[in-house]
Amino acid sequence: GGADALEVQPVPVPELRPGHVLIRVRAAGVNRPDLLQREGRYPPPAGASAILGLEVAGEVAAVGEDVARWREGDRVTALLAGGGYAEYALVDARHVLPVPANLDFAQAAALPETVFTVWANVFEHGQLQGGETLLVHGANSGIGVTAIQMAKAAGARAFATARGAEKVTK
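Enquirer: Any chance you could explain the side chain of Thr77 here in plain terms?
Expert: With respect to the secondary-structure elements, Thr77 resides in strand β3 (residues 75-79). The class of Thr77 is buried, set by a relative accessible area of 2%. Within the local environment of Thr77, its side chain forms a polar contact with the backbone oxygen of Val56, the two atoms lying 2.8 Å apart. Within the structure, the side chain of Thr77 is placed 2.9 Å from the backbone oxygen of Ala108, a separation counted as a polar contact. Beyond its immediate stretch of four places on either side in the chain, Thr77 contacts Val56, Ala57, His95, Val96, Leu97, Pro98, Val99, Ala108, Ala109 and Pro112.

As structure tokens, this is what we get:
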């Protein structure tokens, strides 16, 4: 089933672990991996929460041992292996980012999956630098649009392709 098969039910607050942050969820993103997971075609990693939700935004509710960057009350967004469709989500502190001042929680919750994916692939692995050129295939997807924006912000040029004229906007 689709969204009509989802249920609201009480669950315990995740137990805080070293190196993790407990986030009071104010908004959760919904993206393609969430939909695939709901259909049973994108299994969560071993040990991940059975609760759906791979990206969230909210406030830090508690900080585990060995976490120096975050404090209770910080406005954050995060990419997680599951558990985002809950009041509280436990997240590896390395997967947490500050919410930009000009964004609300709903806007910030839509960032992690695409921004982390583009950063890892285009900037860390591909080592894109200002003045270089990036070719983005499938540029009308969430990843594609984000790649174009991040490349331009880094001072690179972006060229793009899309599947058919109906997918292209000016």
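Structure shown, so let's carry the discussion forward.
Enquirer: For this particular structure, what's the right way to read the nonpolar core?
Expert: The nonpolar side chains of a soluble globular protein tend to be buried, and buried together. In terms of nonpolar packing, the biggest core is built from 14 residues, with Val21, Ile23, Trp70 and Val91 touching the most fellow members. It is strand β1 (residues 20-28) that provides the largest number of residues to this core, a total of three residues. Val91 has contacts with Gly19, His20, Val21, Ile23, Ala78, Leu79, Leu80 and Val96, leaving out every residue within four places of it along the chain. The next biggest cluster of nonpolar side chains, apart from the first, holds 11 residues, and it includes Val122, Phe123, Met150 and Ala151.

The rules behind the values
Residues numbered from 1 in each chain as written. Predicted model: local features only at pLDDT ≥ 70, side-chain atom pairs only at ≥ 80, totals over all residues. Heavy atoms only, no water. Helix = DSSP H or I, 4+ residues; strand = E, 2+ residues; numbered from the N terminus. Buried < 20%, exposed > 50% of the residue type's maximum accessible area, 1.4 Å probe, protein only. Polar contact = N/O pair within 3.5 Å; in protein donor to acceptor, adjacent residues only side chain to side chain. Contact = heavy atoms within 4.5 Å. Core = buried A, V, L, I, M, F, W, Y, C linked by side-chain atoms within 4.5 Å.

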